[in-house]
Amino acid sequence: MSGSAAVHVAVGVIRDGNGNILLTQRAKHTHQGGLWEFPGGKLEAHETVTQALRRELQEEVGITVQTAKPLIKINHCYPDLRVLLDVWQVTDFSGVAEACEGQAMQWVEPRQLSDYAFPVANVPIITASRLPDRYAILEGSSAKQVLANLERIINKRITMLQLRIKSLPAAETAAVCHAVLANCRQHGIQVLLNSDLLLTGLPADGLHLSSRALLACQTKPSPYRWVAASCHNLQELRHAENIGADFAVLAPILPTATHPDAQPLGWETMAKLIDQVNLPVFALGGLELDDMDRVLHAGAQGIAGISAFLS
Ligand SMILES: Nc1nc2c([nH]c(=O)n2[C@H]2C[C@H](O)[C@@H](COP(=O)(O)OP(=O)(O)OP(=O)(O)O)O2)c(=O)[nH]1
Ligand SMILES: [Mg+2]
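Residues numbered from 1 in each chain as written. Chains lettered and ligands numbered in written order. Predicted model: local features only at pLDDT ≥ 70, side-chain atom pairs only at ≥ 80, totals over all residues. Heavy atoms only, no water.

### Things to note about the sheet that holds strand 6 (residues 81–94)
Spatially, the 4 strands line up as an open sheet ordered 4-1-6-5, and their pairing is mixed. The open sheet has two free edges, formed respectively by strand 4 (40–42) and strand 5 (64–78), since each of these has just one partner strand. Adjacent strand axes in the sheet meet at a mean angle of 20 degrees when their direction is disregarded. Inspection of the sheet shows strand 1 (residues 7–14) paired to strand 4 by 3 bridges, in the antiparallel sense. Within the sheet, the bridge partner assigned to Ala10 lies in strand 4 and is Gly41. Where helix 1 (residues 49–61) meets the sheet, it contacts strand 1, strand 4, strand 5 and strand 6, and its direction lies at approximately 65 degrees from that of strand 1. (Pairing = 2+ DSSP bridges. Helix = DSSP H or I, 4+ residues; strand = E, 2+ residues; numbered from the N terminus. Axes fitted to C-alpha atoms, helices over the stretch in contact; angles between N-to-C directions. Contact = heavy atoms within 4.5 Å.)

As structure tokens, this is what we get:
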């Protein structure tokens, strides 16, 4: 199968006003029959992906797409078929969803997606649909500064952050981590601890591997709700994918004052790298929130940043 051209499929992760996601069940006799899916279907000749998305979602679930943004692209080789799943997040639509082809249909909370049996190619789509489009990196050169930065991040309505404290004495680091975790819990922010922190027993939501820690892992560290990894090139991205990391952060995309010596990847290389892995990837380095649209269209999950969320 690997030699034949991939079947290009437009797929919609459709959300209602409460954040629930629409699932339908594939007909028994079809490819991957009986499994649950995000509605969508194959591009017809001369159709763009957004045209196909619009047509398929009208045909299958009777809705008219008003706003959609790219979520993730998955290249997957089934034993009998190679597919390119071009997944879009539908954030606004008109009409009431109905099962136009007699298929089973459900609105499902993101955390309940794991209760449904999907085609194997869908694993990173499910992860992507549970992740935000902004991932903050919380740092600071003193306890006071870390907490002040957290305050600004909270005001930006961030829902996920990486805690990366490098330069504080051990006792102060532990105290600050506890304070950050308590504050984040209160505000519904998920916290991933950077692997360099070397603190055990903290009630965090996940682990963020430095690229060095990533390359030292042969399997996904457990038990963590989220495992993320810092990557700078294709080798690291592939390694993150191979060990089953949930997502990666790719850097630096643009020149940045924090890493003046690092060679930026640029937009084109970033898009090419992301295209080669089936993994949600946040773009980091010199980006601002205004770049979000361009970042999403380059294939990324969203923007990661230190200063991007501090203004
Ligand atoms: N729509 C959709 N297709 C998926 C998902 N995951 C996954 O592996 N696929 C695969 C199954 C199929 O091989 C292909 C989608 O084809 P399809 O059967 O939906 O195509 P279609 O709606 O145009 O159907 P048809 O006209 O050929 O009957 O992609 C998913 O979440 N949604
Ligand atoms: Mg279909």
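### Describing the coordination of the magnesium ion (ligand 2)
Reference values for coordination geometry: four tetrahedral donors around a metal ideally subtend 109.5 degrees, six octahedral donors ideally subtend 90 or 180 degrees. Within the protein, Gly40 (O) and Glu60 (OE) serve as the donor atoms for the magnesium ion (ligand 2), at 2.2 Å. Pair noted here: Gly40 is in strand 4 and Glu60 is in helix 1, with a separation of 20 residues, a long-range link. For Gly40, a relative accessible area of 10% puts it in the buried group. (Donors = N, O, S within 2.8 Å, 3.2 Å for Na, K, Ca; no water. Buried < 20%, exposed > 50% of the residue type's maximum accessible area, 1.4 Å probe, protein only.)

### Describing the site of ligand 1
The environment of ligand 1 is made up of 15 residues, and the closest members are His31, Phe38, Lys42, Tyr78 and Asn122. The separation between an oxygen atom of ligand 1 and a polar side-chain atom of Tyr78 is 2.5 Å. Alone, ligand 1 offers 630 Å² of accessible surface; in the complex the protein occludes 79% of this. Those elements giving two or more residues to the shell around ligand 1 turn out to be strand 4, helix 1 and strand 6. Take the shell around ligand 1: its biggest share by element is 3 residues, from strand 4. Along the lines of polarity and charge, the residues of the shell around ligand 1 split into 6 nonpolar, 4 polar and 5 charged. (Near = heavy atom within 4 Å. Polar contact = N/O pair within 3.5 Å; in protein donor to acceptor, adjacent residues only side chain to side chain. Areas by Shrake-Rupley, 256 points an atom, 1.4 Å probe, with all protein chains shown as cover. Nonpolar A, V, L, I, M, F, W, Y, C, P; charged D, E, K, R; others polar.)

### Some remarks on the UniProt feature "domain: Nudix hydrolase" (unreviewed entry) in the chain
Here the UniProt feature "domain: Nudix hydrolase" (unreviewed entry) sits at residues 4–133. For residues 4–133, the helix share is 16%, the strand share is 39%, and the end-to-end C-alpha distance is 33 Å. (UniProt positions renumbered as here; feature names shortened; annotations may be inferred.)

### As for the domain arrangement of the chain
For the chain, the assigned domains read domain 1 (7–122) and domain 2 (134–305). On the side of domain 2, 9 residues touch domain 1, which itself brings 8 residues to the contact. For the pair domain 1 and domain 2, the two sides together bury roughly 690 Å², of which 50% comes from carbon and sulfur. Here the side of domain 1 that touches domain 2 gets 7 residues from one element, more than from any other, and that element is strand 5. Each residue belonging to the side of domain 1 that touches domain 2 can be placed in one class, and the counts come to 5 nonpolar, 1 polar and 2 charged. (Domains from an automatic or database assignment. Buried area = accessible area lost by both parts, 1.4 Å probe.)

### With respect to the side chain of Arg164
With respect to the helices and strands, the residue Arg164 is situated in the loop between strand 9 (160–163) and helix 4 (170–186). You can call Arg164 buried: its relative accessible area is 15%. Within the local environment of Arg164, its side chain forms a polar contact with the side chain of Glu139, the two groups lying 2.6 Å apart. Apart from the residues lying within four places of it in its own chain, the contact partners of Arg164 are Ile137, Leu138, Glu139, Asn194 and Ile306.

### So, the pattern of salt bridges
The final tally for this structure, using the stated rule, is 11 salt bridges. Between Arg55 and Glu56 there is a salt bridge; the shortest N-O distance is 3.1 Å. The buried category is assigned to Glu56, whose relative accessible area is 8%. One salt bridge connects Lys272 with Glu268, and the closest N-O pair in it is separated by 3.7 Å. Of this pair, Lys272 and Glu268 are both found in helix 7 (residues 266–275), 4 residues apart, which corresponds to roughly one turn of the helix. Salt bridges here are not isolated pairs; linked through shared partners, they connect Glu44, Glu47, Arg55, Glu56 and Glu59. (Salt bridge = Lys/Arg side-chain N within 4 Å of Asp/Glu carboxyl O.)

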